[in-house]
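Architecture at a glance
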Amino acid sequence: LGDNTTESKSIPTRIEGLGEKEKVYINIKGLQLAAQNVPRDYEEDEDDPVEVINVGRYRIINGKEYIKYDEVLEGTTKKCTSTIKIAGNSVEVTKKGPVTAHLSFVPGEKTMTFYETPYGNIYLGIFSRSVDMQRTEDKLTISIDYALELNYEQVSDCKVDIEISSKGKFSL
């Protein structure tokens, strides 16, 4: 697969106007569908997307973009620190805290990771079909389409859209 990153001379290669450790707004919307070979034991209307909005910090270090934010784990008051790293046309998401993970999304590649939770560790495979980025003056939108594997078997097809904005206005 070729470079799925959308960039040109008229489109910024980073979020313009942001200095070191600038505040940004992060909107993450994800949809997870059962893979065709996995039996469905829940209602069809449960394929609704999950959406989370956070405030974080944007930095550029050695030409790579970093967005760091805290999120509260569902059903608890415990915080997890998440970092999104953008390097070229790949995206990495690192979580540290009660949940620890390092997820890599590289177009056309399969990556493996341990997803550590308070309930135990899960060995995940991620096959990134595409990683598309759209940039404007004050916004970066990332769309990731991937297959998720658990114990070497595909369990779902997933799509996540991440919008990072310096203004707090979202279009997802």
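These remarks concern the structure in this document.

Cut-offs used in this document
- Residues numbered from 1 in each chain as written.
- Predicted model: local features only at pLDDT ≥ 70, side-chain atom pairs only at ≥ 80, totals over all residues.
- Heavy atoms only, no water.
- Phe/Tyr/Trp six-rings, centres within 6.5 Å; stacked < 30°, edge-to-face > 60°.
- Buried < 20%, exposed > 50% of the residue type's maximum accessible area, 1.4 Å probe, protein only.
- Helix = DSSP H or I, 4+ residues; strand = E, 2+ residues; numbered from the N terminus.
- Contact = heavy atoms within 4.5 Å.
- Polar contact = N/O pair within 3.5 Å; in protein donor to acceptor, adjacent residues only side chain to side chain.
- 1 Å grid on protein atoms, 1.4 Å probe; cavity = no way out; pocket = protein on both sides within 12 Å on 5 of 7 lines; lining within 4 Å.
- Points joined across faces, edges and corners; volume = space filled by probe spheres on them.
- Nonpolar A, V, L, I, M, F, W, Y, C, P; charged D, E, K, R; others polar.
- Core = buried A, V, L, I, M, F, W, Y, C linked by side-chain atoms within 4.5 Å.

Thoughts on the packing of aromatic side chains
The tally for this structure, following the rule as stated, stands at three aromatic pairs. The interplanar angle of 50° and the centroid separation of 4.9 Å between the aromatic rings of Phe114 and Tyr123 together place this pair among those described as tilted. The class of Tyr123 is partly exposed, set by a relative accessible area of 26%. One aromatic cluster is present, formed by Phe114, Tyr123 and Tyr152 through successive ring pairs.

Some remarks on the environment of Asp70
Within the secondary structure, Asp70 is located in strand β3 (residues 64-72). In this structure the C-alpha to C-alpha distance between Asp70 and Gly97, which are 27 residues apart in sequence, comes to 9.8 Å. When sequence neighbours within four positions are dropped, the list of residues in contact with Asp70 reads Asn54, Lys79, Cys80 and Thr81. One polar contact links Asp70 to Thr81, side chain to side chain, over a distance of 2.8 Å.

Some thoughts on the layout of surface pockets
As a volume, the largest pocket reaches approximately 1,600 Å³. Around the largest pocket, the lining is made up of 42 residues, and of these Gln32, Val50, Lys95, Tyr115 and Tyr146 lie nearest the centre. Residue composition of the lining of the largest pocket, by class: 28 nonpolar, five polar and nine charged.

Observations concerning unusual backbone geometry
Across the chain, the bulk of peptide bonds are trans and the bulk of non-glycine residues have phi less than zero. One non-glycine residue, Asn151, lies in the positive phi region at around 55°. Structurally, the position occupied by Asn151 is in the loop between β9 (139-150) and β10 (153-165).

What to know about the nonpolar core
Grouped together as the largest cluster of nonpolar side chains are 26 residues, with contacts concentrated most on Ile67 and Ile142. For this core, the secondary structure elements donating two or more residues are β1 (22-34), β3, β4 (79-87), β5 (90-96), β6 (101-105), β8 (120-136), β9 and β10. The biggest single contributor to this core is β9, with five residues. In this structure, Ile67 is in contact with Val24, Ile26, Arg57, Tyr58, Ser82, Thr83, Ile84, Ile86 and Ile164, ignoring residues within four places of it in sequence.

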